[in-house]
Amino acid sequence: GYRDIIEAMRYTEAPRRLMPINMYYHFYSSEKQASLQALQDVHEWVLTQNTTPLYTSSYLAMVKDWMKARLRVDANGRVIVRNYGTCLTVRFPVDTVPPDVDASENVIGYAVLHDGLYVHLAPDQQQATIVPSAPATRLVPHIRFANGLIRNLQRSTHGLVFLFESTVKGRVTLAGLPPRAMLTTTMGDTRATRNVAADGTLVLEDVPSTQVEIVLP
């Protein structure tokens, strides 16, 4: 029966994300081969999902910070998020205009998913300002997805640099890059030349917890 939790997890992701994946089980799950196989099947399925692994204590801190956070919209349509602490993602309705990352404050990126616009906020800050983008807004390099924490992200005309922290092998998706460009990435002591996809995205795999630098052509 434990294998059925996969179906429950699918329902809490689509059509609308309701809650995170939480695997909870007892040591006696290994008493029988069938129950152990079910547990292994669930583990393997979870590992195929686009998730950010967290300790329970970290998630509880995020929930508490979410309860303390405050949002307001000013006269210019900008969304002000205050006291968000470790709750670093804000979801908006599906038809929300993506942010102007360059004009916004403490916004490191965003992702448009099946159930809305997810805006990623910089950690260790008291306030973020989300500025809606205009039709002709120039795309700038930003974070679309990361399965870890992005700290101290800095952009320049030459690229961007940030500190990555994760409890697992890192995966970071960048967007807003020059399509089909060839650029240089440095992760710790490892330097490589990579090609940007036609849609301006670049996926970095096996990212260690270290400083990451992207140098544009």
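Since the model is a prediction, treat every value here as computed from it, not as a measurement.

Rules used throughout
Residues numbered from 1 in each chain as written. Predicted model: local features only at pLDDT ≥ 70, side-chain atom pairs only at ≥ 80, totals over all residues. Heavy atoms only, no water. Helix = DSSP H or I, 4+ residues; strand = E, 2+ residues; numbered from the N terminus. Contact = heavy atoms within 4.5 Å. Areas by Shrake-Rupley, 256 points an atom, 1.4 Å probe, with all protein chains shown as cover. Lys, Arg positive; Asp, Glu negative; His and termini not counted. Charge placed at Lys NZ, Arg CZ, Asp CG, Glu CD. Salt bridge = Lys/Arg side-chain N within 4 Å of Asp/Glu carboxyl O. Buried < 20%, exposed > 50% of the residue type's maximum accessible area, 1.4 Å probe, protein only. 1 Å grid on protein atoms, 1.4 Å probe; cavity = no way out; pocket = protein on both sides within 12 Å on 5 of 7 lines; lining within 4 Å. Points joined across faces, edges and corners; volume = space filled by probe spheres on them. Pairing = 2+ DSSP bridges. Axes fitted to C-alpha atoms, helices over the stretch in contact; angles between N-to-C directions. Core = buried A, V, L, I, M, F, W, Y, C linked by side-chain atoms within 4.5 Å.

Chemist: Which residues make up the overall build of the chain, and what values do they have?
Modeler: When its secondary structure is counted, the chain shows 3 helices and 14 strands. Projected onto the principal axes, the alpha-carbon positions of the chain cover approximately 60 × 45 × 30 Å. Pairs at least 24 residues apart make up 57% of the contacts formed inside the chain by residues separated by at least 6 positions. Counting only carbon and sulfur atoms, one obtains 54% of the accessible surface of the chain, whose full area is about 13400 Å². The distance from the centre of the 21 positive side-chain charges to the centre of the 20 negative ones in the chain is 4 Å.

Chemist: Got a sec to walk through the pattern of salt bridges? Specific residues and values, please.
Modeler: Where charged atoms from two side chains of opposite charge approach closely, those side chains can pair. Using the criterion set out here, one finds 10 salt bridges in the structure. Close ionic contact of Arg 17 with Glu 13 constitutes a salt bridge, the shortest N to O distance being 2.8 Å. On the accessibility criterion, Arg 17 (29% relative accessible area) is partly exposed. Its relative accessible area of 28% is what places Glu 13 among the partly exposed residues. In the salt-bridge network here, residues are joined through shared partners; they are Asp 124, Arg 151 and Glu 165.

Chemist: Account for the environment of Leu 60, naming residues and giving values.
Modeler: Position of Leu 60 among the secondary structure elements: in helix 3 (residues 56-68). A relative accessible area of 47% places Leu 60 in the partly exposed class. Sequence separation of Leu 60 and Arg 144 is 84 residues, and the distance between their C-alpha atoms is 24 Å.

Chemist: With reference to specific residues and values, describe the layout of surface pockets.
Modeler: In this structure, the second largest pocket encloses a volume near 260 Å³. Considering the residues around the second largest pocket, the lining is formed by 16 residues, among which Asn 106, Ile 108, Ala 122, Asn 152 and Leu 153 are closest to the centre. Within the residue set of the lining of the second largest pocket, elements represented by two or more residues are strand 4 (107-113) and strand 8 (149-156). Here the element with the most residues in the lining of the second largest pocket is strand 8; it accounts for 6 residues.

Chemist: An account of the sheet that holds strand 6 (residues 127-130) is requested, with residue identities and associated values reported.
Modeler: With antiparallel pairing, 3 strands are arranged side by side in an open sheet as 1-2-6. Here the strands that pair on one side only, and so sit at the sheet edges, are strand 1 (70-73) and strand 6. On average, each strand axis in the sheet is tilted by 15 degrees relative to the strand beside it, whichever way the strands run.

Chemist: Residue-level account of the sheet that holds strand 8, with values.
Modeler: Think of a sheet as strands paired side by side through backbone hydrogen bonds, with each pair either parallel or antiparallel. An order of 8-9-14-11-12 is seen for the 5 strands of this open sheet, with the pairing classed as antiparallel. The open sheet terminates on both sides in strands that have one partner only, identified here as strand 8 and strand 12 (190-195). Geometrically, the sheet is characterised by an average inter-axis angle of 20 degrees between neighbouring strands, direction not taken into account. Sheet topology note: the strand 11 (residues 182-187)/strand 14 (residues 211-215) ladder contains 4 bridges and is antiparallel. Bridged to Thr 184 within strand 14 is Val 215.

Chemist: Before we move on, can you summarise the nonpolar core with the specific residues and values?
Modeler: In terms of nonpolar packing, the biggest core is built from 22 residues, with Ile 143, Phe 162, Val 172 and Leu 174 touching the most fellow members. If we ignore the near neighbours within four places in the chain, the residues touching Ile 143 are Ile 108, Gly 109, Tyr 110, His 120, Ile 150, Leu 153, Phe 162, Val 172, Thr 173 and Leu 174. With 16 residues, the next largest nonpolar core counts Leu 88, Val 90, Val 107 and Val 140 among its residues.

Chemist: Go over unusual backbone geometry with me, naming the residues and quoting the values.
Modeler: For the peptide bond that leads from Ala 14 to Pro 15, omega is 10 degrees, which places it in the cis range. With a phi close to 55 degrees, Asn 83 is a non-glycine residue in the positive phi region. Here Asn 83 shows up in the loop between strand 2 (79-82) and strand 3 (89-92). Of note, the phi angle at Asp 206 is positive, near 55 degrees, even though the residue is not glycine. Considering the arrangement of structural elements, one finds Asp 206 in strand 13 (residues 202-207).

Don't take any of this as a statement about function, it's just geometry.
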